[in-house]
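Survey of secondary and tertiary structure
Below, each chain spelled out in residue letters.
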Protein chains: 2
Amino acid sequence: MDDTLRDKPGYLLRRAASAATAELAGKLDHLGLRQVDASVLILIDSNPLSTASAIGRTLDIQRANMVPLLKRLEDAGWVERSPIDGKSQGLNLTPAGSAKLAEAMAVIESFEASLLARIPAEHRDHLLPALHALWNGG
Amino acid sequence: MDDTLRDKPGYLLRRAASAATAELAGKLDHLGLRQVDASVLILIDSNPLSTASAIGRTLDIQRANMVPLLKRLEDAGWVERSPIDGKSQGLNLTPAGSAKLAEAMAVIESFEASLLARIPAEHRDHLLPALHALWNGG
DNA sequence: CCGGATTGTTATAGGATATAACTATCAAAC
DNA sequence: GTTTGATAGTTATATCCTATAACAATCCGG
């Protein structure tokens, strides 16, 4: 089948992202994590005491959708909340959460490395700058 | 907020793709098209008389999900079916479908060009090969 | 102190995708 | 030529993800 879409950057971008997404999701699944869970754990870890709203803003997740997500992470014993003031609550990793994050990071780092390894050397270093331009240039 | 994810290729890939996807979806919306509709129209155009199954296989769309999709395109008067044999039916664009595709192509081409234009010149030519390696290297 | 913005939350709707099952048909081996 | 396995199209359904609207409580700047 003649796939004329194959060389359109937008289409290729979507397909490459969805292939990578599916692959990583499979690896994280073994840890009982979704990608979005891992992203949230990472952000909480590097930004202790930040709020659900702030995390959501960074990851483009609606406030409303953070609720079930955080509930899951809290129920799993990975995240805990501490009141900042009357309306905000700071998020933090529990020890179990830090341990789970460490596992996740190992998986993610090796995945990211394997992604880069697939790219021919002469193109490799150009990917990040190009993607960055695409993400922010819109 | 410290976003340590910002420089992970996998994450960047996903964010860049989703930004691009959202942008193109907005532009195609004015034509009454979703991206997947446009993709299907493009493939039918360059592969006349191909079957729903074959189109779906190329685009990674389940047979079952092709049904409502094609029904929409057919109801809109853009696609028609002609029996190939007792169980297969070939897809073709109607004149209205070709016209709609022409409109869509104008939007898409300009979008793709604008995507590339956002990438600094020294990185631009490396994106397609890199994405191609990512898509197929898995 | 007041008014507008923000936080967390509930409920709900929509879209996209995956799975299972079924019929009818084709194709190839025997 | 008949049986058997694969394929096409379809229906129905489940699930997940995301978007929207509304609400109460609270914060903050003027």
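Now for a look at the structure at hand. (Residues numbered from 1 in each chain as written. Chains lettered and ligands numbered in written order. Predicted model: local features only at pLDDT ≥ 70, side-chain atom pairs only at ≥ 80, totals over all residues. Heavy atoms only, no water.)

Digging into the protein's contact with DNA strand D
What surrounds DNA strand D is a group of 18 residues, the closest being A:Arg34, A:Gly86, B:Ser53, B:Arg57 and B:Lys87. For DNA strand D, the fraction of atoms within 4 Å of the protein that belong to sugar or phosphate moieties is 63%. Between B:Ser53 and DNA strand D, the recorded distance is 3.0 Å, taken from a side-chain N or O atom to a phosphate oxygen. B:Arg57 is positioned such that a nitrogen or oxygen atom in its side chain is 3.0 Å from a phosphate oxygen of DNA strand D. Contributing elements (two or more residues each) for the surface near DNA strand D: helix H4 (63–75) of chain A together with helix H3 (52–59) and helix H4 (63–75) of chain B. (Near = heavy atom within 4 Å. Polar contact = N/O pair within 3.5 Å; in protein donor to acceptor, adjacent residues only side chain to side chain. Helix = DSSP H or I, 4+ residues; strand = E, 2+ residues; numbered from the N terminus.)

Focus: the relation of the copies chain B and chain A
Mapping chain B onto chain A calls for a screw motion: a turn of 180 degrees about the axis and a shift of 0.0 Å along it, with 0.0 Å RMSD after fitting. Considering both components of the superposition, the chain copies are consistent with a two-fold axis. Comparing interface residues between copies, 98% of those in chain B also lie at the interface in chain A; the contact surface is shared. (Least-squares fit on C-alpha atoms with pLDDT ≥ 70 in both. Contact = heavy atoms within 4.5 Å.)

What about helix H1 (residues 9–29) of chain A?
Taking 1.5 Å as the rise per residue, H1(A) with 21 residues should run 30 Å; its terminal C-alpha atoms sit 30 Å apart, in good agreement. Residues of H1(A) that are buried include every one of A:Pro9, A:Gly10, A:Tyr11, A:Leu12, A:Leu13, A:Arg15, A:Ala16, A:Ala17, A:Ala20, A:Leu24 and A:Leu28, and no others. (Expected span 1.5 Å × (residues − 1). Buried < 20%, exposed > 50% of the residue type's maximum accessible area, 1.4 Å probe, protein only.)

As for the protein's contact with DNA strand C
Residues in close proximity to DNA strand C total 18 residues, the closest being A:Ser53, A:Arg81, A:Lys87, B:Arg34 and B:Gly86. When the atoms of DNA strand C within 4 Å of the protein are sorted by group, sugar and phosphate make up 62%. One nitrogen or oxygen atom from the side chain of A:Arg81 is found 3.0 Å from a phosphate oxygen belonging to DNA strand C. In the environment of DNA strand C, a phosphate oxygen lies 2.4 Å from a nitrogen or oxygen atom belonging to the side chain of B:Arg34. Taken together, the elements giving at least two residues each to the surface near DNA strand C come down to helix H3 (52–59) and H4 of chain A together with H4 of chain B. When the residues that make up the surface near DNA strand C are grouped by side-chain class, the tally is 4 nonpolar, 7 polar and 7 charged. (Nonpolar A, V, L, I, M, F, W, Y, C, P; charged D, E, K, R; others polar.)

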